[in-house]
Amino acid sequence: MSAPTPETDETAGTGGTAEISDGARASLEALRTEIAKAVVGQDSAVTGLVVALLCRGHVLLEGVPGVAKTLLVRALAASLELDTKRIQFTPDLMPSDVTGSLVYDARTAEFSFQPGPVFTNLLLADEINRTPPKTQSSLLEAMEERQVTVDGTPRPLPDPFLVAATQNPVEYEGTYPLPEAQLDRFLLKLTVSLPSRDEEINVLTRHAEGFNPRDLQAAGLRPVATAAALEAARAAVAGTSVSGEIAGYVVDICRATRDSPSLTLGVSPRGATALLSTARAWAWLTGRDYVIPDDVKALALPTLRHRIQLRPEAEMEGVTADSVISAILAHVPVPR
């Protein structure tokens, strides 16, 4: 057989790249299907978690108690071949309980570092707003820099690293609102709502048939996505093209929040970057290698809702972060 021509080599390389991308997309679609074995409904929250994985971002899940926030993250962990740990945030939790600390070893007469649960791939920070701000802030460096500094020594965290934090609505007793600096570190804020009547009947039926939320392996969940597939997917997302018009559209949306009379705090440039990143991930998940305005609109609410701050008088009038963003999306001109 004769040697292939350069054109044949290029075509084969392109096909191979496309096959890798398609395989990675199939793995992440299987991930969504696998999570559905344990969690009824909540499709938007599941999709948000997948988008965060693709963007190397962190997720804040908010909802009233009992809507399967923790189960959702545990199901994600069970569907991935990644190391995972859980921290139950409580009022008496200390920063060293999260990051780790230096421990004196009497045998060697030296201090050694004992890593905390943050040294993992997927960290479930359960009820993060039930611990005081001092402990909440212990995650800031880990989330932004992907490292933990103890006694002046930086220690890198594993890759991938994702914080999936759950919180109850801030109006609930015993909660400490997250500071703006920490909220801005979360790529997405996903609202986990109460199920519909049919979905709630489905939940009860599953439990009546023996479903045990504490034993996901018995429920049939298995790892369907590897770290290699996730890395291939991230590379494919990074190759998703963005036109100048789309970049301008994202900027116009974020700048409009800074001029809104209902807000005291608009979206920062970090928020604009986050919106572009999540829109690229959504475009790739839907099978395109370029971003369109609908991708931006689809991810605007979960990406921006926690990055703005309402005026007190607007809150009294019933204005919400989602309603402000929705109004801005309706008025900002869409590129053609």
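Residues numbered from 1 in each chain as written. Predicted model: local features only at pLDDT ≥ 70, side-chain atom pairs only at ≥ 80, totals over all residues. Heavy atoms only, no water.

With that settled, consider the nonpolar core. One broad rule of soluble globular proteins: the nonpolar side chains tend to lie buried together. Core analysis: the largest hydrophobic core is formed by 71 residues, its most contacted members being Leu31, Leu54, Leu76, Trp284 and Val296. With nine residues, the single largest contributor to this core is helix α2 (residues 43-55). Listed in part, the 23 residues of the second largest apolar core include Phe89, Val118, Leu139 and Val163. (Core = buried A, V, L, I, M, F, W, Y, C linked by side-chain atoms within 4.5 Å. Buried < 20%, exposed > 50% of the residue type's maximum accessible area, 1.4 Å probe, protein only. Helix = DSSP H or I, 4+ residues; strand = E, 2+ residues; numbered from the N terminus.)

Here α2 is 13 residues long and its end C-alpha atoms lie 18 Å apart, about the 18 Å a rise of 1.5 Å per residue gives. Along α2, eleven of the 13 residues are buried, which leaves the element largely enclosed by surrounding structure. Taken as a whole, α2 has its buried residues at Ala45, Val46, Thr47, Gly48, Leu49, Val50, Val51, Ala52, Leu53, Leu54 and Cys55. Positive phi appears at Arg56, one or two residues downstream of α2, with a value of about 55 degrees. (Expected span 1.5 Å × (residues − 1).)

Moving on, we get to the sheet that holds strand β8 (residues 162-167). One open sheet accounts for five strands, arranged β2-β5-β8-β1-β9; its pairing is parallel. For this open sheet the edge positions go to β2 (84-88) and β9 (188-191), each flanked by a neighbour on one side alone. When strand polarity is set aside, the average angle formed by the axes of neighbouring strands in this sheet is 20 degrees. Across four bridges, strand β5 (residues 122-126) lies against β8 in parallel orientation. Paired with Leu122 across the two strands is Leu162, which belongs to β8. Contacting β1 (59-62), β2, β5 and β8, helix α3 (residues 69-78) runs over the sheet at an angle of about 170 degrees to β5. (Pairing = 2+ DSSP bridges. Axes fitted to C-alpha atoms, helices over the stretch in contact; angles between N-to-C directions. Contact = heavy atoms within 4.5 Å.)

Quick look at the packing of α2 against helix α11 (residues 269-285) now. Interaxial distance between α2 and α11 falls to 9 Å at its minimum, and their mutual angle equals 110 degrees. Between α2 and α11, the crossing angle belongs to the class labelled roughly perpendicular. Every residue of α11 that contacts α2 at Thr47, Val50, Val51, Leu54 and Cys55 is listed here: Ser277, Thr278, Ala281, Trp282, Trp284 and Leu285. For the contact of α2 with α11, the class distribution of residues is eight nonpolar, three polar and no charged. (Parallel < 35°, antiparallel > 145°, perpendicular 65-115°, else oblique. Nonpolar A, V, L, I, M, F, W, Y, C, P; charged D, E, K, R; others polar.)

Relative to each other, helix α10 (residues 244-258) and helix α12 (residues 293-304) sit at 35 degrees, their axes nearing to 11 Å. When you trace α10 past α12, the crossing you get is right-handed. For the pair α10 and α12, the contacting residues are Ile246, Tyr249, Val250, Ile253 and Cys254 in the first and Pro293, Val296, Lys297 and Leu304 in the second. The residue inventory of the contact of α10 with α12, partitioned by class, reads eight nonpolar, no polar and one charged. (Left-handed = near helix turned anticlockwise from the far one by under 90°.)

Quick look at the domain arrangement of the protein now. Looking at the protein, the domain boundaries give domain 1 (21-239) and domain 2 (240-335). Placing a centre on the C-alpha atoms of domain 1 and another on those of domain 2 gives a separation of 24 Å. At the interface, 26 residues of domain 1 touch 22 residues of domain 2. Interface area, domain 1 with domain 2, both sides summed: about 2,000 Å², of which 57% is carbon and sulfur. The largest contributions to the domain 1 side of the interface with domain 2 come from Arg25, Asp184 and Lys189, which together make up 28% of the buried area. If you look at where domain 1 meets domain 2, you find three salt bridges. Inspection of the domain 1/domain 2 interface yields 14 residue pairs in polar contact (both at pLDDT 80 or more). Broken down by secondary-structure element, the contributors of at least two residues to the side of domain 1 that touches domain 2 are α1 (6-35), α2, α7 (180-183), β9 and α9 (227-238). Of the residues that constitute the side of domain 1 that touches domain 2, the class distribution is 15 nonpolar, four polar and seven charged. (Domains from an automatic or database assignment. Buried area = accessible area lost by both parts, 1.4 Å probe. Salt bridge = Lys/Arg side-chain N within 4 Å of Asp/Glu carboxyl O. Polar contact = N/O pair within 3.5 Å; in protein donor to acceptor, adjacent residues only side chain to side chain.)

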